[in-house]
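Examining the three-dimensional arrangement
Chain residues, written in single-letter form:
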Amino acid sequence: MDTSPLATALAQLASAVEILGFDSGVHDMLATPRRELRVAVPLRRDDGSIEVLHGYRVQHNIARGPGKGGLRYSPDVDLDEVRALAMWMTWKCAVVDVPYGGAKGGVTIDPHAHSVAELERTTRRFTSEIMPIIGPERDIMAPDLGTSEQTMAWVMDTYSTSVGYTVPAVVTGKPLAVGGSWGRSTATSRGVVDVAAAALADAGASLSEVSAAVQGFGNVGSHAAVFLHAAGARVTAVSDQYGGVAAPDGLDIPRLMEHVAATGSVVGFEGATAITNADVLAADVDLLVPAAIEGVLDAQSAAQVKARWVVEGANGPTTTEGDRVLAERGIQVVPDILANAGGVVVSYFEWVQANQTYWWTEDEIAERLAYRMRTAYDAVASLARAEGLTLREAALAIGVRRVAEAHKIRGLYP
Ligand code: GLU
């Protein structure tokens with residue numbers, strides 16, 4: 001069985017289309033990216049040599065508003081992966097009801113193997129190549145795997161220099177100093193923990209009484225661990241791309257954050273046992289947060305999961321088979337398009353603030369984010385209960401139906 005992100009995304013769409021009873025024409029329209037741009041990104045390396053990178057921007061759907069989604073820097077990026085991630089953005093924006101379509105970008109580059117100056121040149125050239133299809137009303141990028149606030153500042157500067165005036169709303173997830181929003185950098189993790197709390201509450205449990213494992217310790221995973229720890233959960237296992245650490249009584253997450261800031265990895269954290277990434281997925285905990293890359297929970301690893309709840313911080317961490325195994329085993333999965341939507345919700349807040357040139361307080365952001373996550377979770381959970389669906393099926397049904405509705409009301413041109 002094809003376990004690629006695109007195969008997974010297309011299988012999820014097919015299941016939603018079946019639940020909603022749409023015909024094949026509507027299915028095709030929802031499955032087909034609206035616009036794709038593939039560009040060469042020639043980079044002059046610091047040593048004077050030239051490396052030609054490949055860049056992509058896919059606007060999967062723009063029926064509900066401008067394209068929205070991250071920009072990923074990874075040596076593994078290819079067009080199909082970007083297509084899948086763009087499709088997930090479409091459903092995600094619809095589930096939390098922000099007025100965007102879905103898009104994603106990627107450049108085939110290993111950010112760890114390039115200097116800051118090389119990353120800046122790559123970002124500026126890529127931005128320049130995709131200029132014709134981006135803009136605050138067209139398509140708005142944000143950070144994703146391998147990119148950061150700094151990357152967004154370079155995108156904004158390149159775009160602004162090209163049009164001749166400053167356009168903060170062309171990207172989100174940018175630094176506060178150039179019109180970023182309070183709370184954007186931790187928003188995805190906050191949202192993950194908000195919906196985890198809601199899912200636990202549905203079963204009469206609370207974060208303060210559970211143990212948790214977090215796979216992936218980048219922006220999403222590390223802050224999820226911080227918020228889980230702050231809410232009283234015992235975070236007993238975490239991992240990053242270099243390895244994992246465990247402590248049965250709970251890791252001291254604030255100290256672990258200091259260790260990561262100093263060494264670049266969770267590995268070697270004093271007082272913890274060394275474990276592998278696979279051990280984290282199979283950890284004996286109540287709550288598992290996969291927060292790294294796609295496809296880590298496949299048929300085999302899903303069979304090893306001991307957690308009762310899986311809350312997907314990453315995009316597409318569970319394959320179709322993995323999902324089936326988790327469902328059969330009665331494990332409650334809060335799906336990516338709901339669980340990690342906090343990032344794009346605060347991206348939306350950042351874009352609104354930039355468009356109004358009026359900035360909100362940190363408390364306003366946190367309160368409005370929590371409200372949106374809670375509302376979206378309640379809608380998904382009540383549809384799941386009413387129709388006997390999994391949370392993933394219900395979230396997809398809501399997202400896909402909203403996008404199809406927008407198409408229907410707008411009509412087909414000409
Ligand atoms: N890259 C993030 C995601 O996958 C954020 C996207 C955004 O804020 O536009 O949801």
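Residues numbered from 1 in each chain as written. Predicted model: local features only at pLDDT ≥ 70, side-chain atom pairs only at ≥ 80, totals over all residues. Heavy atoms only, no water.

1. Some words on the pattern of salt bridges
- One pass over the full model with this rule turns up 23 salt bridges.
- Here Arg 392 and Glu 312 are joined by a salt bridge, their closest N and O atoms 2.8 Å apart. Here Arg 392 is found in helix α15 (residues 391–410), whereas its partner Glu 312 is found in the loop between β11 (309–311) and α11 (320–328), with 80 residues between them in sequence. The pair formed by Arg 392 and Glu 312 is uniform in burial state, with each residue classed as buried.
- Linked by salt bridges that have partners in common, Arg 72, Glu 81, Lys 104, Asp 144 and Glu 294 make up one network. (Salt bridge = Lys/Arg side-chain N within 4 Å of Asp/Glu carboxyl O. Helix = DSSP H or I, 4+ residues; strand = E, 2+ residues; numbered from the N terminus. Buried < 20%, exposed > 50% of the residue type's maximum accessible area, 1.4 Å probe, protein only.)

2. What about the packing of helix α3 (residues 79–95) against α15?
- α15 packs onto α3 with a crossing angle of 90 degrees between their chain directions and a minimal axis gap of 8 Å. Comparing the axis directions of α3 and α15 gives the class roughly perpendicular. Counted together, Thr 90, Trp 91, Ala 94 and Val 95 of α3 and Ala 395, Leu 396, Gly 399, Val 400, Arg 402 and Val 403 of α15 form the full contact between these two elements.
- Residue composition of the contact of α3 with α15, by class: seven nonpolar, two polar and one charged. (Axes fitted to C-alpha atoms, helices over the stretch in contact; angles between N-to-C directions. Parallel < 35°, antiparallel > 145°, perpendicular 65-115°, else oblique. Contact = heavy atoms within 4.5 Å. Nonpolar A, V, L, I, M, F, W, Y, C, P; charged D, E, K, R; others polar.)

3. Concerning a positive patch on the surface
- Together, Arg 34, Arg 35, Arg 138 and Arg 410 make up a positively charged patch on the protein surface.
- Note on placement: Arg 138 falls in the loop between α4 (116–130) and β5 (139–143). (Patch = residues over 30% accessible without salt bridge, like charges linked within 9 Å, V, L, I, M, F, W, Y side chains within 5 Å. Areas by Shrake-Rupley, 256 points an atom, 1.4 Å probe, with all protein chains shown as cover. Lys, Arg positive; Asp, Glu negative; His and termini not counted. Charge placed at Lys NZ, Arg CZ, Asp CG, Glu CD.)

4. Re the packing of helix α1 (residues 5–20) against α15
- Between α1 and α15, whose axes approach to 9 Å, the crossing angle comes to 75 degrees. One element, α1, and the other, α15, form an angle in the roughly perpendicular class. Side by side, α1 and α15 meet where Gln 12, Leu 13, Ser 15, Ala 16, Ile 19 and Leu 20 of the first sit next to Arg 392, Glu 393, Leu 396, Ala 397, Val 400 and Arg 401 of the second.

5. Concerning α3
- With 17 residues, α3 extends 25 Å from end C-alpha to end C-alpha; this agrees with the ideal 24 Å at 1.5 Å per step.
- Counted residue by residue, α3 has 15 buried out of 17 residues, so it is predominantly covered.
- Asp 97 occupies a position one or two residues after α3 and carries a positive phi of about 55 degrees. (Expected span 1.5 Å × (residues − 1).)

6. Things to note about the site of the ligand
- For the ligand, the set of nearby residues contains 14 residues, the closest of which are Lys 68, Lys 92, Asp 144, Asn 315 and Ser 347.
- Between the ligand and Arg 184, the relevant distance is 3.1 Å, taken from an oxygen atom to a side-chain nitrogen or oxygen of the residue.
- Starting from 290 Å² of accessible surface for the ligand in isolation, the protein chains cover 95%.
- Of all elements in the fold, only β3 (67–73), α3, β5 and α13 (342–356) reach the threshold of two or more residues within the shell around the ligand. (Near = heavy atom within 4 Å. Polar contact = N/O pair within 3.5 Å; in protein donor to acceptor, adjacent residues only side chain to side chain.)

7. Some details on the pairing of β3
- Across the seven residues that make up β3, a large majority, seven, are buried.
- Pairing geometry for β3 and strand β4 (residues 102–107), over three bridges, is parallel. For Leu 71, the partnering residue across the bridge sits in β4 and is Gly 105.
- On the question of chirality, the crossover connecting β3 to the parallel β4 by way of α3 is right-handed. (Pairing = 2+ DSSP bridges. Right-handed = clockwise from strand over helix to strand, strands pointing away.)

8. Details of unusual backbone geometry
- Across the junction of Tyr 413 and Pro 414, the peptide omega takes the value 0 degrees, indicating a cis bond.
- By the secondary structure assignment, Pro 414 is in the segment after α15.
- Of note in this structure, Asp 97 is not a glycine but carries a positive phi near 55 degrees.
- Inspection of the secondary structure puts Asp 97 in the loop between α3 and β4.
- Owing to a relative accessible area of 42%, Asp 97 belongs among the partly exposed residues under this scheme.
- Positive phi, close to 45 degrees, is recorded for Thr 357, a residue that is not glycine.
- In this structure, Thr 357 sits in the loop between α13 and α14 (362–387).
- Exposure remark for Thr 357: the relative accessible area of 59% places this residue in the exposed category.

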